[in-house]
Amino acid sequence: MKQNKTISVQFLAQAAMIAAVYVVITLAFAPFSYGEVQVRLSEALTILPAFTPAAIPGLFVGCLLSNILGGCMVLDIIFGSFATLIGAVFTYLLRRQNRFFAPVAPIVSNSLIVPFVLKYGYQVPLPIPFMMLTVGIGEIISCGILGMILYMALSRYKHMIFKPVS
């Protein structure tokens, strides 16, 4: 019983730390984090579900808080955060596959969902396929490049960083 309680506390602590780091990075780089052409550097953290399931709620809450604190509209708060949640869940599910699959889910989910939020929520006059391209490029930079750099760095130390407390 005590070990389960310790693990759940560790899970919550990891999730909270990931959420906090996501918010700090998003708000620190706010000019790049919002808009129809965005490179949300905090999306590099979407690689973390490959290491710990605590990253799933951490990323969702971090994105949710970032969108609220960044002054986003309700559609963006809901669906933008949902896109990150979908990406995190599928990154976790693909964690045992080839490591290069890890950033694919957040790239795809954000590239498909965020352009509709921009078009119908913010009335951005650009065509949806063009915004899928621009959001996709930003996600490739954040998740595909920066996320994989983070993945390579963390994979060396994953047993020390993400091991359960006993």
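For the structure, see preceding data.
Model, not experiment: these values are computed from the prediction.

> Give me the layout of surface pockets: which residues, what numbers.
Here the second largest pocket defines a volume of roughly 230 Å³. Looking at the second largest pocket, it is lined by 22 residues, and the ones nearest its centre are Ser-33, Gln-38, Arg-40, Asp-76 and Val-114. Counting only elements with at least two residues in the lining of the second largest pocket, the list comes to helix H3 (55-69), helix H4 (74-93), helix H5 (104-121) and helix H6 (128-155). Residues of the lining of the second largest pocket, tallied by class, amount to nine nonpolar, eight polar and five charged.

> Now, about the packing of aromatic side chains: what can you tell me, with residues and values included?
Scanning the model with the defined rule gives two aromatic pairs in all. Seen in terms of ring centroids, Phe-51 and Tyr-151 are 5.1 Å apart; in terms of plane orientation they differ by 40°. Their pairing is tilted. Taken together, the positions of Phe-51 in the loop between helix H2 (30-33) and H3 and Tyr-151 in helix H6 put the pair 100 residues apart, joining distant regions of the chain. Each member of the pair Phe-51 and Tyr-151 is classed as buried. With 6.4 Å between their ring centres and 15° between their planes, Phe-116 and Tyr-120 make a pair best called stacked. Of this pair, Phe-116 and Tyr-120 both sit in helix H5, four residues apart, which is roughly one turn of that helix. Residue classification places Phe-116 among the partly exposed positions, given a relative accessible area of 38%. The aromatic ring of Tyr-92 is capped on one face by Arg-95, whose charged end is 3.8 Å from the ring centroid.

> An account of the packing of H4 against H5 is requested, with residue identities and associated values reported.
Closest axis-to-axis distance for the H4/H5 pair is 8 Å, and the angle between their directions is 170°. Classed by the angle they form, the pair H4 and H5 counts as roughly antiparallel. The segment H4 lies against H5, with Leu-75, Asp-76, Phe-79, Gly-80, Ala-83, Thr-84, Ile-86, Gly-87, Phe-90 and Thr-91 engaging Ala-105, Pro-106, Ser-109, Asn-110, Ile-113, Val-117, Tyr-120 and Gly-121. Taken together, the residues of the contact of H4 with H5 break down into ten nonpolar, seven polar and one charged.

> Let's hear about the packing of H5 against H6: which residues, and what values?
In the contact formed by H5 and H6, the axes pass within 8 Å of each other and the chain directions differ by 140°. Between H5 and H6, the crossing angle belongs to the class labelled oblique. Crossing handedness for the pair H5 and H6: right-handed. Across the interface between the two elements, Pro-106, Ile-107, Asn-110, Ser-111, Leu-112, Val-114, Pro-115, Phe-116, Leu-118, Lys-119 and Tyr-120 from H5 touch Ile-128, Met-131, Met-132, Val-135, Gly-136, Glu-139, Ile-140, Cys-143 and Gly-144 from H6.

> Help me get a handle on H4, residues and values and all.
The end-to-end C-alpha separation of H4 is 28 Å, in line with the 28 Å expected for 20 residues at 1.5 Å each. Turning to H4, its buried residues are Asp-76, Ile-77, Gly-80, Ser-81, Ala-83, Thr-84, Gly-87, Ala-88 and Thr-91. Along H4, the residues classed as buried sweep out an arc of 150° about the axis, all on the same side. Across H4 from its buried face, at more than 90 degrees, point the exposed residues Val-74 and Leu-93.

What counts, and at which threshold
Residues numbered from 1 in each chain as written. Predicted model: local features only at pLDDT ≥ 70, side-chain atom pairs only at ≥ 80, totals over all residues. Heavy atoms only, no water. 1 Å grid on protein atoms, 1.4 Å probe; cavity = no way out; pocket = protein on both sides within 12 Å on 5 of 7 lines; lining within 4 Å. Points joined across faces, edges and corners; volume = space filled by probe spheres on them. Helix = DSSP H or I, 4+ residues; strand = E, 2+ residues; numbered from the N terminus. Nonpolar A, V, L, I, M, F, W, Y, C, P; charged D, E, K, R; others polar. Phe/Tyr/Trp six-rings, centres within 6.5 Å; stacked < 30°, edge-to-face > 60°. Buried < 20%, exposed > 50% of the residue type's maximum accessible area, 1.4 Å probe, protein only. Lys NZ or Arg CZ within 6 Å of the ring centre and 35° of its normal. Axes fitted to C-alpha atoms, helices over the stretch in contact; angles between N-to-C directions. Parallel < 35°, antiparallel > 145°, perpendicular 65-115°, else oblique. Contact = heavy atoms within 4.5 Å. Left-handed = near helix turned anticlockwise from the far one by under 90°. Expected span 1.5 Å × (residues − 1). Arc of directions from axis to C-beta.

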